[in-house]
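Descriptive analysis of the structure
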Amino acid sequence: MAQNTYKSNTFKSNQGKKPKAKRKVSLNFSLPFLKDRRVQLSVGFFLLLASVFIFLSCFSYLFTGKADQSVVEAFFADGETVQSLGREATNWMKLLGALTAHKLIFSWFGIGAFLIPPFLFILGYKIVWGKALMKLTRAFAATTFFLVWISLLMGSMIKSDDSVSEWSFYSGGLGYELSLFFDSLLGYGTILFLAFTLLVFTIFFFNITEVLSLKKATKGVVPVSDTDKDSVVEEQEVEDSLEADEEGEEDMDDSESWVVSIKDEDEQTEEPEEELAQPIKLNTEPEPVEPVEEETEEDDKSLELDVQEPVNKPKPKPQEAEPAFEVEIKEASDKLVEKAGHYDPTLDLAKFQFPTVDLLNEYSTGKIQVTKDELQQNKDKIVETLTNFKIGIASIKATIGPTVTLYEIVPEAGVKISKIKNLEDDIALSLAALGIRIIAPIPGKGTIGIEVPNKNKEMVSMRSVISTDKFMNSDMALPVALGKTISNEVFVADLAKMPHLLMAGATGQGKSVGLNVILASLLYKKHPSQLKFVLVDPKKVELTLFNKIERHYLAKLPDNEEPIITDTKKVIYTLNSLCIEMDQRYDLLKDAACRNIKEYNKKFIDRRLNPEKGHRFLPYIVLVIDELADLMMTAGKEVETPIARLAQLARAIGIHLVVATQRPSVNVITGIIKANFPARLSFRVTSKVDSRTILDAGGADQLIGQGDMLLSMGSEITRLQCAFVDTPEVDEICEFIGSQKGYESAYLLPEYVGEDEGGSKADVDLSERDVLFDEAARLIVAHQQGSTSLIQRKLKLGYNRAGRLIDQLEAAGIVGPFEGSKAREVLIPDEYSLEQLLNNLDSN
C-alpha cells in the first residue's frame, strides 16, 4: 500500500479541525435513450459540425455584418419568406448563418463569441472519440469567463470613444450594457476591476497558489527531519507523475451511458459533514477504519501547521501514527482519481460492441392463445370433479400463461387441503390433459392452485425476454433471463445471488436450450473484461459454438489448445485449477480488507489498491458443466470434491457454477453436491424419484416438456416457460462477438500439475503397489489393451488412481510406455505368464 507521507504532528495538529465536504456538482444525463451509443454519436457529430458552422458564420459576419443588417431586421419585423431573405443574405452560411452571428456577436457577446465554437468542438470530440483535447471543466470555465470578460473589455474601450465605427458592434449588447453599469459604478476603476478579475482567474485556473506553496515547502524554510524530507520528495514525485499523466489519461465515456460532469477540481477531498444538503454528492464511501473519516485538507495548510511545531518535539506514540497512515492512503487515491480518473477495465476493449437484439428471431405472436370457451370448459370440469367428491368451491379465477393456465380456487370453510391434493389424478382425467399440477396452498395466498396446460402453447422467444426493460435496465451482477412465468411476466434472476445452479431434465426436454439461454443472457449484459466462462462439455457437441468467443469470454488452462474442455483428465485439472484461482482471490481479498468481489473491484476501480502488489481487477467466472453424470461415472470423487469445494467457498470471490445432468439420480447428484446448490432448475423428468432428487419435491415429472420447467430457490418453487434460442441464433451471436477485436488469448487459469504427472518408470516403487494392482494387471492382460480408461470403467476408479496403476504396470513390465493417443502395448501375452510375474513380485 502507499507509504506514510504525512508527518504525525500534522495529523495531530489537524485532529481538532472539522472536515470540509468536497463539493461536486454533476449534470447526469441518464435518460434511457441517451444510453444508446448511436444517439451519443449523433449528438457528438452534431456538436462538431455546429462548431464549424458557428465559426464560419461569425467569421463571415466580420465582413458581411453591415450588409446583412437589413436582412436580419426584416426577418424579425417584416416576416418575409425565407427564400427571399436567403437570396439577399451575403453571409457565407446564408440566412441561418447571418441570424446566428447577429445574435452571438451583435446582440450578446461581441467578438468573444469566437470562443463558443472551440468549446463545442472539444465537447463533441469527447463524446465521439472518448478523448478530451482539454478537460471539459477547464474549457467550460475559460469559455464562460472570457465571454463576459471580453464583452466588458470591448464595451469599456468602445464607450470611451465618442465616434461610431464598425468596432462599435463587436462589444455585443451584453458588453455595452455591462460597460454602462460599471462606468456608473466605478468609472475608470473598471479597468482595474478587469485586471483584478483576470489575475484571480489566472491564479485559480493555473493553480498558481499550489505551485508557490510547494516551492516554499521544498526550499527548507525550517529544518525538517530526514523522514520528513523523504515524505516531501515522495509527495512531489507523486504530484509530478500525476501532472504528467493528466493529458494522456482522460476518462473514456462508457458505451452504454453518457454522463457529463462539471466539478471543481481544486477543492478539498475531506469527508462530508452530516449536515450537508442533498444536492452535494459525496466523493468517498465510509471506510471500516475510523481514522479515515478524519481526513486533513489537501492544501498547504498542513505543511504550515507542521512548520509551526517545534523541530525537536518528542516523537508521537506508535499507536498515533496509524491514523495518519490511513489518512494518506485515502488522500493519495482520491488525488489519483481526480487526475487520472477511475480505473475502467473495459478500456482494454474500448470499441467492443454488445450483440444486438436483431440477431435473435421472434417466434411468439404476443397474443393470448387461450380462448374464453377453453377457460370456461376447464373451470366447469374442475368444479364438477370437486363437487363429485363433495368439495365445495367459494370462488375460482384463471391466470393465463404462455403454456399453462393457473386456476386459483378458494375452497369453502372446513375443506381439508390434503383432500384436494389427493384428487390430482382425477382432475387430470376429467380434463383429459397431461401436466396437471396442484399447489396446495399457493405460497403467500390463501388459495389453492391448479395448473392446467393450454391446448395451444405459445413459444417464448429469447428476443421477447432480452428486449424488455426488466432485463436491459437490470442492475444485477449476473442477470439471466430464463423465460416467462405462468402469469406471462418475464423472469430475470441473478446468478450471483443463487449463487450456483443445478439443472436436470430428461433428454429432449430443453436442458441444452436452457444452458444456451443462460450463456446468451450473460453475453448480452457483461463486457469481456467483466466475465469469463469455463465450459465443460463431455458430450463434445453441445457447447462447440462458443469456440468463436475464446479470446473474449473463455478461460482455460495454460497448456490447453481447445477452450472447450471435453477430456475427463483436463476436466479434473481445470476444476482443481479453479480451486487454486479461488484461493488466490481470497488472498487478494484478505490483503484488501474486503469481504466479497464487489467490494474488492470497487476499491480497485477507485485506485485504492496497488497493482504492483499483485492486485488486479477480478472478472466473474462462470463454470458450466453440461453433463455431470458422465464425469461422475468416469472420475467419481476426483470431480465431486473440487465441485463441492467450489460450491462451498467460491461465491464471495465471483466464481459461480451451472451444472446440468439428464440423470438426476442420487449417485450423480450426491448429498455433498446437492447441499451446496440451493438453486435447482428442473425440466421434465421421468419419475417422481428424480423430481424429489433434484427439487426435494414432486412436480417435475408432471411437466409437459418443451421448455416447461420448475425453478426452486429456497422454499419457493416457480413454474416457468424457458425462453427458446435456436442453434443458428447462438452461432450468429458468437460470430458477432468473435469478429471483433479480442484479447491476445483466452483468460488463463492457474497451472495445475496432477499427482500422476512428472513421474517416470524409475520413480515408481513396486514395493508400494496399489491393492488393486493384481486385479488391474489381470484385466489388462485379459483384454490385451493397456488403457487407463479401461481400468477406470471396469474397476470404477478415478483418473488419478487409474493413472498410477498404469505407471506401476509399466514399471513391472506388464505394459509398454506411453504412445500418445494409442493404447499402451501389453507385454504379457497370457494369464499364465502374468501369474509367474506376480509371484516374482510378491517374493521380492
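The sections below set out a description of the structure shown in this document. Keep in mind it's a predicted model, so treat the numbers as computed, not measured.

1. Points about the overall build of the protein chain
A tally of regular secondary structure across the protein chain gives 30 helices and 17 strands. Every one of the 844 residues in the protein chain was classed for burial, and the buried ones make up 47%. Of all intrachain contacts in the protein chain linking residues separated by at least 6 positions in sequence, the fraction that spans at least 24 positions is 72%.

2. Concerning unusual backbone geometry
Looking along the chain, the bond that leaves M498 and enters P499 is cis, with omega of -5 degrees. Position of P499 among the secondary structure elements: in the loop between β8 (490-494) and β9 (501-504). A positive phi angle, close to 70 degrees, is found at K540, a residue other than glycine. Within the secondary structure, K540 is located in the loop between β10 (531-536) and α19 (550-553). The backbone of A593 shows a phi angle near 60 degrees, a positive value even though the residue is not glycine. Inspection of the secondary structure puts A593 in the loop between α20 (568-592) and α21 (597-605).

3. A closer look at helix α5 (residues 116-129)
The first and last C-alpha atoms of α5 sit 20 Å apart over 14 residues, in line with the 20 Å expected at 1.5 Å per residue. α5 sits mainly inside the fold: 10 of its 14 residues count as buried. Inspection of α5 places I116, P117, F119, L120, I122, L123, G124, K126, I127 and V128 among the buried residues, and these make up the whole buried set.

4. Describing the sheet that holds strand β3 (residues 393-400)
Pairing within the open sheet is antiparallel, and its 4 strands lie in the order β3-β4-β6-β5. At either end of the open sheet lies a strand with only one pairing partner, and these are β3 and β5 (437-439). Going from strand to strand, the sheet's axes swing by 20 degrees on average, the running direction of each strand aside. By the bridge criterion, 7 bridges tie β3 to strand β4 (residues 404-411) in an arrangement that is antiparallel. Looking at β4, one finds that I396 is bridged to I409. The strands touched by helix α13 (residues 372-388) within the sheet are β3, β4 and β6 (448-453), with β4 carrying the most contacts at an inclination of about 40 degrees.

5. Side note on the pairing of β8
Taking burial as the measure, the 5 residues of β8 include 5 buried ones, the bulk of the element. Of the two faces of β8, the one carrying V490, V492 and D494 and the one carrying F491 and A493 are both buried. As defined by bridge partners, strand β7 (residues 479-485) adjoins β8 across 5 bridges and the pair is classed as antiparallel. Each bridged residue has a counterpart across the sheet, and for V480 the counterpart in β8 is A493. Linking two consecutive strands that pair antiparallel, namely β7 and β8, is a turn of 4 residues; a positive phi of about 70 degrees is found at N488 within it.

6. Considering the sheet that holds β9
Read from one edge to the other, the open sheet built from 9 strands follows the order β8-β7-β16-β15-β14-β9-β13-β12-β10, with strand pairing classed as mixed. Lying at the two open borders of the sheet, with one neighbouring strand each, are β8 and β10. When the angles between neighbouring strand axes are averaged without regard to direction, this sheet yields 30 degrees. Sheet contacts for helix α25 (residues 688-695): β9, β14 (679-682) and β15 (708-713); angle to β14, the most-contacted strand, approximately 155 degrees.

7. What about the pattern of salt bridges?
Summed over all chains, the structure comprises 21 salt bridges. Here D36 ties to R38 by a salt bridge, and the two come within 2.8 Å at their closest N and O atoms. Under the relative-accessibility criterion, D36 is labelled partly exposed at 26%. K637 is the partner of E640 in a salt bridge, and the nearest nitrogen-oxygen pair spans 3.4 Å. Pair noted here: E640 and K637 are both in helix α23 (residues 637-649), with a separation of 3 residues, about one helical turn.

8. Considering the packing of aromatic side chains
Following the criterion strictly, the structure yields 21 aromatic pairs and no others. Ring centres of F146 and W149 lie 6.2 Å apart, and the angle between their planes is 80 degrees; this geometry places the pair in the edge-to-face category. With F146 and W149 both in helix α6 (residues 136-159), this residue pair falls 3 residues apart, about one helical turn. For F146, a relative accessible area of 24% corresponds to the partly exposed category. Through successive ring pairs, a cluster of aromatic residues spans F145, F146, W149, F201, F205 and F206. The cationic tip of R769 hangs over the ring face of F773; the distance from NZ or CZ to the ring centre is 5.4 Å.

9. Examining the nonpolar core
By size, the foremost hydrophobic cluster in this structure holds 113 residues, and its most contacted members are L501, F533 and F546. Sorting elements by how many residues they give to this core places α20 first, with 10 residues. L766, A776, L790 and L809 belong to the second largest nonpolar core, which has 26 residues in total.

10. A few points about the side chain of S691
With respect to the secondary-structure elements, S691 resides in helix α25. Using a relative accessible area of 0% as the deciding quantity, one classes S691 as buried. Setting aside residues no more than four positions away along its own chain, S691 makes contact with V685, D696, A697, G698, G699, A700 and D701.

11. Points about the environment of A493
By secondary structure assignment, the location of A493 is in strand β8. For the pair A493 and L478, spaced 15 residues apart in sequence, the C-alpha to C-alpha distance is 8.1 Å. Sequence-distant contacts of A493, that is, excluding residues within four places in its chain, are made with M476, L478, P479, V480 and M498.

12. Section: the packing of α13 against helix α15 (residues 424-431)
Where α13 contacts α15, the axes come no closer than 9 Å and their chain directions differ by 135 degrees. Regarding the angle of α13 to α15, the classification is oblique. The element α13 and its partner α15 pack so that their crossing is right-handed. Here N378, K381, I382, T385 and L386 of α13 come into contact with α15, specifically with D426, I427, S430 and L431. Considered class by class, the residues forming the contact of α13 with α15 number 4 nonpolar, 3 polar and 2 charged.

13. Some points on the packing of helix α2 (residues 37-77) against α5
It is at 8 Å that the axes of α2 and α5 come closest, and there the two elements cross at 155 degrees. It follows that α2 is roughly antiparallel to α5 by the angle criterion. Regarding α2 and α5, the two cross each other, and that crossing is left-handed. Touching R37, Q40, L41, V43, G44, F45, L47, L48, S51, I54 and F55 of α2 are P117, L120, F121, L123, G124, Y125, I127, V128 and W129, all from α5.

Cut-offs used in this document
Residues numbered from 1 in each chain as written. Predicted model: local features only at pLDDT ≥ 70, side-chain atom pairs only at ≥ 80, totals over all residues. Heavy atoms only, no water. Helix = DSSP H or I, 4+ residues; strand = E, 2+ residues; numbered from the N terminus. Buried < 20%, exposed > 50% of the residue type's maximum accessible area, 1.4 Å probe, protein only. Contact = heavy atoms within 4.5 Å. Expected span 1.5 Å × (residues − 1). Pairing = 2+ DSSP bridges. Axes fitted to C-alpha atoms, helices over the stretch in contact; angles between N-to-C directions. Salt bridge = Lys/Arg side-chain N within 4 Å of Asp/Glu carboxyl O. Phe/Tyr/Trp six-rings, centres within 6.5 Å; stacked < 30°, edge-to-face > 60°. Lys NZ or Arg CZ within 6 Å of the ring centre and 35° of its normal. Core = buried A, V, L, I, M, F, W, Y, C linked by side-chain atoms within 4.5 Å. Parallel < 35°, antiparallel > 145°, perpendicular 65-115°, else oblique. Left-handed = near helix turned anticlockwise from the far one by under 90°. Nonpolar A, V, L, I, M, F, W, Y, C, P; charged D, E, K, R; others polar.

So yeah, pure geometry; function would need other evidence.
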